[in-house]
Amino acid sequence: PLADEYSATKLISEIGTQRKWSEGDINRDVKVMQDQRLYTVADLRLLGPEAWREVPLLPIVKELLRRAAWHGVGRAKLKEKKKEEKNMKKAAKMRYKAEEEFSSSSSSSESEMERDKVNKENNENAKEKKKADKLEKKEAKRAEKDLENGEHVLNEKIGAPNGTVLPEGISLESPLANGAPQQPRFLAAPVVTASKIKATASDGKTYEFDRWCPHKGVDLAKGPLVGTRIICPKHRWEFDLARGGVCVDKPGKSVNACVVNDW
């Protein structure tokens, strides 16, 4: 019989060579043995029928390995192995039964604790959701009020009555000249694409710039062009096209404006 410490990978290689298997097949079988941590013949002899079924080798390979591992081993050792397997199954069964009894005895108290925990989490989630909904409504109302106030301020700057809303897509020249308000002069409607806007400012130059505001992604095509500044219709951010589209109050933000010569 083979010694217990005899290499299992060497054994599979010898079997493959005798059977004239390809080198690739042998290497794959060796890798499977290593992945399953079957390093010695003693490891192979520890496997019972159920364990052998879990080893991802071809049936013929497993049968040849099993026979080689047990070749020449006496009946007494086989009987001892079967007895060992039987004792292991019995011990596992007793351990499972004990765990099941312990689980059933504590399941009622654990279930009650779990139920209380779930109820507490649900109540906290409901409170958080209610708080978030209230905050969202408050922010929406504030944004709406800010937008309304911003329109009044802008209309005061251009000399238009309060409540006047500029038509969508219309540009207008800066209304201030020598400190005195004037009526706005409307220029040509801008050209709007999926990501860019082309518009003529009060300096007579045509600029191309990003359509979407870098703050919250609002469509700048809906905002007015005052002088050389495009104004976001939601939060009133102003971007100076003559300075490359940089934000007046947030220099780190820009709509990447450039002059278009052939429009």
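Positions within a chain are numbered from 1, following the residues in the order the chain's sequence is written. Local features in this predicted model are restricted to residues whose pLDDT is 70 or higher, and side-chain atom pairs enter the listing and the counts only when it is 80 or higher, whereas totals over whole chains, interfaces and linings include all residues. With hydrogens and water excluded, all non-hydrogen atoms of the structure serve as input to the side-chain values.

Here's the deal with the overall build of the protein chain
Put simply, the rule reads: For the purposes of this entry, the term helix denotes a DSSP run of H or I that reaches at least four residues, the term strand denotes a run of E that reaches at least two, and both are numbered from the N terminus. Per-residue accessibility, obtained with a 1.4 Å probe over protein chains only, is compared with the maximum for each type, and a residue is labelled buried under 20%, exposed over 50%, and partly exposed between these values. Residue contacts are defined here by distance: any two heavy atoms, one from each residue, within 4.5 Å place the two residues in contact. Areas reported as accessible are Shrake-Rupley estimates using a 1.4 Å probe. Residue values count occlusion only from the protein chains shown.
Helix and strand counts for the protein chain stand at six helices and eleven strands. Burial status across the protein chain gives 30% buried among its 263 residues. Once local pairs closer than 6 in sequence are excluded, the contacts in the protein chain between residues at least 24 apart make up 46%. Looking at the protein chain as shown, the accessible area adds up to about 18,300 Å², and 52% of this sits on carbon and sulfur atoms.

Here's the deal with a negative patch on the surface
Stated formally: Nonpolar side chains (Val, Leu, Ile, Met, Phe, Trp, Tyr) within 5 Å and like charges within 9 Å form the patches, drawn only from residues with over 30% relative accessible area and no salt bridge. By convention in these notes, a salt bridge is any Lys or Arg side-chain nitrogen within 4 Å of a carboxyl oxygen on Asp or Glu. Charge counting treats Lys and Arg as positive and Asp and Glu as negative, with His and both chain ends excluded. Charged side chains are reduced to one point each, which is NZ for Lys, CZ for Arg, CG for Asp and CD for Glu.
Together, Glu114, Glu121, Glu124 and Glu128 make up a negatively charged patch on the protein surface. Along the chain, the position of Glu128 falls in helix 6 (residues 75-158).

Points about unusual backbone geometry
One non-glycine residue, Lys20, lies in positive phi territory at about 60°. Looking at the element boundaries, Lys20 is found in the loop between helix 1 (8-18) and helix 2 (23-35). Residue classification places Lys20 among the exposed residues on the basis of a relative accessible area of 75%.

Examining the pattern of salt bridges
For side chains bearing opposite charge, pairing can occur when the charged atoms are close. Applying the stated rule across the entire model yields nine salt bridges. Residue Arg211 is joined to Asp219 by a salt bridge in which the shortest nitrogen-to-oxygen separation is 2.8 Å. Of the two residues, Arg211 and Asp219, both sit in the buried class.

Some details on the packing of helix 1 against helix 2
Formally: Convention adopted: a line fitted to C-alpha atoms gives each axis, helices being fitted over their contacting stretch, and angles between N-to-C directions are expressed from 0 to 180 degrees. Each angle gets one of four labels, with under 35 degrees taken as roughly parallel, over 145 as roughly antiparallel, 65 to 115 as roughly perpendicular, and the rest as oblique. A clockwise turn of the near helix away from the far one marks a right-handed crossing, whereas an anticlockwise turn of less than a right angle marks a left-handed crossing. Polar here means any residue outside two lists: the nonpolar Ala, Val, Leu, Ile, Met, Phe, Trp, Tyr, Cys and Pro, and the charged Asp, Glu, Lys and Arg; Gly therefore counts as polar.
Interhelical geometry of helix 1 versus helix 2 gives an angle of 155° and a closest axis separation of 9 Å. By the angle class used here, helix 1 and helix 2 are roughly antiparallel. In this structure, helix 1 meets helix 2 at a crossing whose hand is right-handed. Here Ala8, Thr9, Ile12, Ser13, Gly16 and Thr17 of helix 1 come into contact with helix 2, specifically with Ile26, Asp29, Val30, Met33 and Gln34. Across the contact of helix 1 with helix 2, the residue classes tally to five nonpolar, five polar and one charged.

Some details on the sheet that holds strand 5 (residues 196-200)
For the record, the criterion: For two strands to pair, DSSP has to find at least two bridges joining them.
Here we have four strands laid out as an open sheet, ordered 4-5-6-11, and antiparallel in their pairing. Two strands close off the open sheet at either side, each with one partner strand: strand 4 (191-192) and strand 11 (258-260). Strand direction decides the pairing type here: strand 4 and strand 5, joined by two bridges, are antiparallel. Paired with Val191 across the bridge in strand 5 is Lys198.

Digging into the packing of helix 1 against helix 5 (residues 59-70)
Put simply, helix 1 and helix 5 touch, their axes get as near as 11 Å, and they point 115° apart. The two elements helix 1 and helix 5 cross, and the hand of that crossing is right-handed. Side by side, helix 1 and helix 5 meet where Leu11, Ile12 and Ile15 of the first sit next to Val61, Leu64, Leu65 and Ala68 of the second.

Regarding the pairing of strand 5
In this structure, the hairpin formed by strand 4 and strand 5 is closed by a connection of three residues. Pairing analysis gives five bridges linking strand 5 to strand 6 (residues 206-210), with the strands arranged antiparallel. Residue Ile197 lies in a different strand from strand 6, and its bridge partner there is Phe209. Where strand 5 folds back onto strand 6 in an antiparallel hairpin, the turn is made up of five residues, including Gly204, whose phi is positive at roughly 85°.

Regarding the pairing of strand 6
Within a regular strand, the side chains alternate between the two sheet faces. Of all five residues in strand 6, four are buried, a share of seventy percent or more. As paired elements, strand 6 and strand 11 share three bridges and run antiparallel to each other. By the bridge assignment, Thr206 is partnered in strand 11 with Val260.

What about the packing of aromatic side chains?
Cut-off, in case you're wondering: Centre distance within 6.5 Å is the pairing criterion for rings of Phe, Tyr and Trp, where only the six-membered ring of Trp is used; planes under 30 degrees apart are then read as stacked, over 60 as edge-to-face, and the remainder as tilted. Note on criteria: charge over ring means Lys NZ or Arg CZ within 6 Å of the ring centre, with the direction from the centre no more than 35 degrees off the ring normal.
Throughout the structure, instances matching the rule amount to one aromatic pair. Pairing Trp237 with Phe239 gives two aromatic rings, centres 6.4 Å apart and planes at 45°, and the pair type is tilted. Across the pair, Phe239 and Trp237 agree in class, each one buried. Its guanidinium or amino end placed over the ring of Trp70, Arg45 lies 6.0 Å from that ring's centre, counting from NZ or CZ.

Thoughts on the environment of Val191
By secondary structure assignment, the location of Val191 is in strand 4. Each C-alpha atom, one on Val191 and one on Glu208, is 9.2 Å from the other, the two residues being 17 residues apart in sequence.

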